[in-house]
Amino acid sequence: MSETKVKKMLFILSKATLENVYAAFVMANGARMEGIESEIFFTFFGLEAIQKKKLEHLHVATVGNPAMHMPTMLGGLPGVEAFASNMMKKEMEKLDMPPVGEFLEILSDSGCKLWACKLAVEMFHLEKEDLIDELDGILTIGDFYSRADQEGTHLLFI
């Protein structure tokens, strides 16, 4: 039995909640630090993480999030999402975690490829100008899957 080394990690980010965005970014950055290729494919609501006007205004999901350990109704009360988001951002700051925009620059500079989903871009009527400058391009899902066509590639949906 031969062992196949991880050579490439492909992440699909479908939601731009703070917890999902940072999970994808930390794992992609960790891969790069280990010498593993990494790419992130932003689709549907995950596109908010690469929209210039929205990327610094992401929130923690408080409604229906079992990790919040609070009743769903409480998570929907006015101010709860903003409070939870601010708390998380402060904790991230204490750990020297960069804000989303800066993290995207770090990822890009490290060689991580950043892709937008063509279908989602069209569905939300976005233009390339609405998206970050570090974006490597807009791909169809088929084009993205073709990037996984090599031994040692792993795909992770977040």
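As shown above, the structure is provided for reference.
If you're wondering where the values come from, they're calculated on a predicted model, not measured in any experiment. (Residues numbered from 1 in each chain as written. Predicted model: local features only at pLDDT ≥ 70, side-chain atom pairs only at ≥ 80, totals over all residues. Heavy atoms only, no water.)

**Student:** Provide a residue-level description of the packing of helix α1 (residues 18–33) against helix α3 (residues 80–94), including the pertinent values.
**Tutor:** Running from N to C, α1 and α3 cross one another at 25°; their axes reach a closest spacing of 11 Å. Our classification of the angle between α1 and α3 gives roughly parallel. Residues Leu 18, Glu 19 and Tyr 22 of α1 lie in contact with α3, whose contacting residues are Ser 85, Met 88, Lys 89 and Met 92. The class makeup of the residues in the contact of α1 with α3 is 4 nonpolar, 1 polar and 2 charged. (Axes fitted to C-alpha atoms, helices over the stretch in contact; angles between N-to-C directions. Helix = DSSP H or I, 4+ residues; strand = E, 2+ residues; numbered from the N terminus. Parallel < 35°, antiparallel > 145°, perpendicular 65-115°, else oblique. Contact = heavy atoms within 4.5 Å. Nonpolar A, V, L, I, M, F, W, Y, C, P; charged D, E, K, R; others polar.)

**Student:** Account for the packing of α1 against helix α4 (residues 100–110), with residues named and values stated.
**Tutor:** Taken N-terminus to C-terminus, the directions of α1 and α4 make an angle of 25°; their axes are 10 Å apart at the nearest point. In terms of orientation, α1 lies roughly parallel with respect to α4. Between α1 and α4 lies a crossing of left-handed hand. Of α4, the residues touching α1 (which contributes Leu 18, Val 21, Tyr 22, Phe 25, Val 26, Ala 28, Asn 29 and Arg 32) are Val 100, Phe 103, Leu 104, Ile 106, Leu 107 and Ser 110. Class assignment of the residues belonging to the contact of α1 with α4 gives a composition of 11 nonpolar, 2 polar and 1 charged. (Left-handed = near helix turned anticlockwise from the far one by under 90°.)

**Student:** An account of the pattern of salt bridges is needed here, citing residue identities and associated values.
**Tutor:** Counted by the stated rule, this structure contains 6 salt bridges. We note a salt bridge from Arg 147 to Glu 39, for which the minimum N-O separation is 2.7 Å. Placement of Arg 147 in the loop between α6 (141–146) and β5 (153–157) and of Glu 39 in strand β2 (residues 37–42) is noted, with a sequence separation of 108 residues between them. Here Glu 122 and Lys 118 are joined by a salt bridge, their closest N and O atoms 2.5 Å apart. A residue pair is termed a helical-turn pair when its members lie 3 or 4 positions apart in one helix, as Glu 122 and Lys 118 do in helix α5 (residues 118–123) at 4 residues. For Lys 118, a relative accessible area of 35% gives the class partly exposed. (Salt bridge = Lys/Arg side-chain N within 4 Å of Asp/Glu carboxyl O. Buried < 20%, exposed > 50% of the residue type's maximum accessible area, 1.4 Å probe, protein only.)

**Student:** Let's hear about the sheet that holds strand β1 (residues 8–13): which residues, and what values?
**Tutor:** Pairing within the open sheet is parallel, and its 5 strands lie in the order β4-β3-β2-β1-β5. With partners counted over all chains shown, the strands left at the sheet margins are β4 (137–139) and β5, one partner each. Put simply, the sheet's adjacent strands are angled 25° from each other on average, direction ignored. Packing of α1 onto the sheet brings it into contact with β1, β2 and β5, and relative to β2 it is tilted by some 160°. (Pairing = 2+ DSSP bridges.)

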